[in-house]
Amino acid sequence: MSGVSERYREAWESYWRATSDAPGEAIWDADPSLSAARDADRLAPHTDASLPIVDLGCGNGTQTRYLATRFGRALGVDLSHAAVEHARRADTAGAVAEFRQLSLTDPAAVQELHERLGDVNVYMRAVIHQSDAPDRRPVAEAVATLVGRRGRGFVAELTEESKTTLARLAESPGGPPLKLRRVFDHDLRPADAGDIEVRELLAAAGLRILAEGPTALAQTEQWADGSRVELPARWFVVGRAPEGGGRLSTGVVRPPHSA
């Protein structure tokens, strides 16, 4: 069974129930040209695009629908039933992507998905950092289960520096902007995992970092001067560590620094 707390589950259900279908209402619901498109380019040199891709924590499916244009099959999964319903309603082109409810902390459900799809590529954007502490390792292990031997995972997580950016945004004249205030009102907790912790979780799950670099996660809020809010983050391309190779994140390729 899923190990997530009732508080965590209800926080996300209440958030998505209170969110309209309007694009960009969620603060992280940026256009794919600012998120999944760049990320897919980073993943491409390391992966077999003929494998399906699974978007973990897909929310309303904005990024999943883009990924369906880059891979033969795209499936978005989310803990929240309300989020999955949003995603299905937004798929107006007609089954561009598939969506289903799934808790990443339910190993049996994750294993069943792997048995049904085989090895897949994984896209996971900002899931570890907002998970409750006991759930973070199962989330990383879900990535390892799904990629299997042939797949690769793209993981992007906020860095500790993003807390400073969020604090500045919360102290805007008039208080936090509406989209950020909604995050706080529903007891969601952004940027809660440390930088070293993310690396340790990936390694403990048996994943090897194949490439990494700094980035910024585009938001749908703006600063007072009209510029887009972007949260400092780091991306990783990961694959299963070779048998007998241990669980250390070795052999890292560090490309030129670019957002």
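Up top is the structure.
Residues numbered from 1 in each chain as written. Predicted model: local features only at pLDDT ≥ 70, side-chain atom pairs only at ≥ 80, totals over all residues. Heavy atoms only, no water.

1. Section: helix α6 (residues 133–147)
At step 1: Among the residues of α6, Asp135, Arg136, Val139, Ala140, Ala142, Val143, Ala144, Leu146 and Val147 are the ones counted as buried.
At step 2: Just downstream of α6, Gly148 is the residue with a positive phi angle, here 55°. (Buried < 20%, exposed > 50% of the residue type's maximum accessible area, 1.4 Å probe, protein only. Helix = DSSP H or I, 4+ residues; strand = E, 2+ residues; numbered from the N terminus.)

2. Some details on the packing of aromatic side chains
At step 1: Counted under the stated rule, the structure contains seven aromatic pairs.
At step 2: Taking the centre distance of 5.4 Å and the plane angle of 90° together, the rings of Tyr15 and Trp16 count as edge-to-face. Residue Tyr15 shares its accessibility class with Trp16, and that shared class is buried.
At step 3: Positioned over the ring face of Trp223 is Arg168, at 4.2 Å from the centre of the ring. (Phe/Tyr/Trp six-rings, centres within 6.5 Å; stacked < 30°, edge-to-face > 60°. Lys NZ or Arg CZ within 6 Å of the ring centre and 35° of its normal.)

3. A word on the pairing of strand β4 (residues 121–125)
At step 1: In terms of burial, β4 is a largely internal element, five of the five residues being buried.
At step 2: Here β4 shows a buried face lined by Asn121, Tyr123 and Arg125 and a second buried face lined by Val122 and Met124.
At step 3: Bridge count between strand β1 (residues 53–56) and β4: four bridges; the pairing is parallel. Opposite Ile53, over in β4, you have Asn121 as the bridge partner. (Pairing = 2+ DSSP bridges.)

4. Here's the deal with the pattern of salt bridges
At step 1: Following the criterion strictly, the structure yields 17 salt bridges and no others.
At step 2: The salt bridge involving Arg70 is made with Asp41; its shortest N-O contact spans 2.8 Å. Residue Arg70 is located in the loop between α3 (62–67) and β2 (74–78), and its partner Asp41 is located in helix α2 (residues 36–43); the two are separated by 29 residues in the primary sequence.
At step 3: Owing to a relative accessible area of 48%, Asp41 belongs among the partly exposed residues under this scheme.
At step 4: Measuring nitrogen to oxygen at the nearest pair gives 2.6 Å for the salt bridge that ties Glu98 to Arg73. You can see Glu98 sitting in strand β3 (residues 98–101) and its partner Arg73 sitting in the loop between α3 and β2, a full 25 residues away along the chain.
At step 5: Salt bridges linked by common partners bring Arg7, Asp132, Asp187 and Arg189 together as one network. (Salt bridge = Lys/Arg side-chain N within 4 Å of Asp/Glu carboxyl O.)

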